[in-house]
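Secondary and tertiary structure notes
Listed here are the chains, written in short residue letters.
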Amino acid sequence: MRCQRFILTIGLLFAPALHAATFSVSSAADSGNNTLRWAITQANATPAADTIVFNIGGGGARNIALASALPAITAPVSIDGGTQPGYTNAPLIQLDGRAAGAGIDGVHLASSTSVLRALSIIGFTASGVLIDGPGGNTVTVCHIGLNGGGGALGNGHTGVYIRSSPNNQIGPGNVISANAVDGVRIDLAAATGNAVFG
């Protein structure tokens, strides 16, 4: 018994730690290495709370024109558009869904404790952001339905749609406008404890 306890203790001491990773997006292409699609796929493959940062073309406003849905986010991650060089107070990274197809959401948060920050999300046929995972996510300083300069390019359903997901925070600092149905919609009994800030 003592030997087994000793082996178990040694095993715990040398068990691999979960280290969060940072994935850098340097391409505005729809797919391929160093794109947003690639970075989300990498982050989904790790259980740690990873970070996705941007440095596309050396900085400035960049449009990511999507030809299909991005992967649903299934593991905690922070997608920080504010890391794009030149960012001050309006999003420089724009997710453009006008060519993504029918019934497509811009960003699908099926995880818990993820963060979307400083993104412009426009032109998707469904919602700009769909949240239907375990909850505890944050969407802040994003333009949803507007480009970085404030021009209206709304999404086909709701700006942020929280469906059966608790304890999410929308804001502060978002500008949500020009979406076809609602700005923020919270549905179903499990969607408790959500907060919306201006």
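Scroll up a little and you will see the structure.
As a starting point, this report considers the structure included with it. Since the model is a prediction, treat every value here as computed from it, not as a measurement. (Residues numbered from 1 in each chain as written. Predicted model: local features only at pLDDT ≥ 70, side-chain atom pairs only at ≥ 80, totals over all residues. Heavy atoms only, no water.)

**Comments concerning the overall build of the protein**
For the record, the criterion: Strands here are runs of E lasting at least two residues and helices are runs of H or I lasting at least four, both read from the DSSP assignment and numbered beginning at the N terminus. Only the C-alpha atoms count toward the radius of gyration. The rule for a globule is 2.2 Å times the residue count to the power 0.38. For every residue, the accessible area obtained with a 1.4 Å probe (protein chains only) is divided by the maximum for its type, and the residue is called buried under 20%, exposed over 50%, and partly exposed between those limits. Residues are treated as being in contact if the distance between any of their heavy atoms lies within 4.5 Å. In this count, Lys and Arg are taken as positive residues and Asp and Glu as negative ones, while His and the chain termini are left out. A charge is said to be at NZ when it belongs to Lys, at CZ for Arg, at CG for Asp and at CD for Glu.
Each helix and strand in the protein was counted, giving two helices and 16 strands. Relative to the globule expectation of 16 Å for 198 residues, the C-alpha radius of gyration of the protein, 18 Å, shows essentially globular dimensions. Across its three principal axes, the protein shows a C-alpha extent of roughly 70 × 45 × 30 Å. Classification of the 198 residues of the protein by burial places 42% in the buried group. Restricting the contact set of the protein to residue pairs at least 6 apart, pairs at least 24 apart contribute 72%. With 8 positive and 8 negative side-chain charges, the protein shows a separation of 11 Å between the mean positions of the two kinds.

**Remarks on the nonpolar core**
This is how it is decided: Throughout, nonpolar core names a set of buried Ala, Val, Leu, Ile, Met, Phe, Trp, Tyr and Cys residues whose side chains join them through atoms within 4.5 Å.
Ranked by size, the top nonpolar core spans 34 residues in total, and within it Leu 36, Ile 52, Phe 54, Ile 79 and Leu 95 carry the most contacts. Per element, the largest residue contribution to this core is four residues, and it comes from helix H2 (residues 36-44). Apart from residues lying up to four places away in sequence, Phe 54 is in contact with Val 25, Leu 36, Ile 64, Ile 79, Asp 80, Gly 81, Thr 83, Gln 84, Pro 85, Ile 93 and Leu 119.

**Details of the pattern of salt bridges**
Side-chain pairs of opposite charge can arise whenever the charged atoms involved come near each other. Our working definition: One speaks of a salt bridge when a side-chain nitrogen belonging to Lys or Arg is within 4 Å of a carboxyl oxygen belonging to Asp or Glu.
Counted under the stated rule, the structure contains six salt bridges. Residues Arg 163 and Asp 132 are paired through a salt bridge, measuring 3.2 Å at the closest nitrogen-oxygen approach. Taken together, the positions of Arg 163 in strand E12 (residues 160-163) and Asp 132 in the loop between strand E9 (129-131) and strand E10 (138-140) put the pair 31 residues apart, joining distant regions of the chain.

**Thoughts on the sheet that holds strand E1 (residues 22-25)**
Our working rule: Two strands qualify as a pair provided DSSP detects at least 2 bridges between them.
One open sheet holds the seven strands; their spatial order is E1-E2-E4-E7-E10-E13-E16, and the pairing between them is parallel. For this open sheet the edge positions go to E1 and strand E16 (195-196), each flanked by a neighbour on one side alone.

**Considering the packing of aromatic side chains**
Rules: Think of it this way: a Phe, Tyr or Trp ring, Trp meaning its six-membered ring, pairs with another when their centres are within 6.5 Å, and the plane angle makes it stacked under 30 degrees, edge-to-face over 60, tilted otherwise.
Within the structure shown, the criterion is met by one aromatic pair. Judged by centre distance (6.0 Å) and plane angle (90°), the ring pair of Phe 23 and Trp 38 falls under edge-to-face. Here Trp 38 lies in helix H2 and Phe 23 lies in strand E1, a separation of 15 residues in the sequence. Taking relative accessible area as the criterion, Phe 23 reaches 12% and is therefore assigned buried.

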